[in-house]
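Structural characterization, general
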Amino acid sequence: MDQFKNQIENQMQDYDSEEKDQILENFNRFKQFLSHKVDKGEKMGLSEEQLAKGAEMVANYLMKHEEPRNREEHLLQQLWKVADKEQQHTLAHLLIRLVQQ
């Protein structure tokens, strides 16, 4: 799992600031980005549980390294901050389901 976490963090760091700005500029773009990553993970055979763990890692990375750029991201950040680990995991599952629609 640590290798998976390192891969996610490295991939997030590989995006230059312009790419990050485009992804995080508005919530619909962020959902499209997440949807693309979920679709890619599903094609690789990842389960919803594995996808949710990946979403948790992305969320933790964003919490540490990025400021929210819109109301929706601000709300997600606030929810993430007050949630315990179990609640964060549930929120990650909900985000996966949101972008699968």
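Please refer to the structure placed before this passage.
Residues numbered from 1 in each chain as written. Predicted model: local features only at pLDDT ≥ 70, side-chain atom pairs only at ≥ 80, totals over all residues. Heavy atoms only, no water.

A short note on helix α5 (residues 71-82)
A rise of 1.5 Å per residue sets the reference length of α5, with its 12 residues, at 16 Å; its end C-alpha atoms lie 17 Å apart and thus fit the reference within 8%. Two or three places before E72, at the start of α5, stands the capping residue N70, its side-chain oxygen 3.2 Å from that residue's backbone nitrogen. (Helix = DSSP H or I, 4+ residues; strand = E, 2+ residues; numbered from the N terminus. Expected span 1.5 Å × (residues − 1). Polar contact = N/O pair within 3.5 Å; in protein donor to acceptor, adjacent residues only side chain to side chain.)

Description of the pattern of salt bridges
Enumeration according to the criterion identifies 4 salt bridges in this entry. One salt bridge connects D39 with K43, and the closest N-O pair in it is separated by 3.3 Å. A residue pair is termed a helical-turn pair when its members lie 3 or 4 positions apart in one helix, as D39 and K43 do in helix α3 (residues 27-43) at 4 residues. Residue D39 is classed as partly exposed on the basis of its relative accessible area, which comes to 34%. The shortest N-O distance in the salt bridge between E66 and R69 comes to 2.9 Å. (Salt bridge = Lys/Arg side-chain N within 4 Å of Asp/Glu carboxyl O. Buried < 20%, exposed > 50% of the residue type's maximum accessible area, 1.4 Å probe, protein only.)

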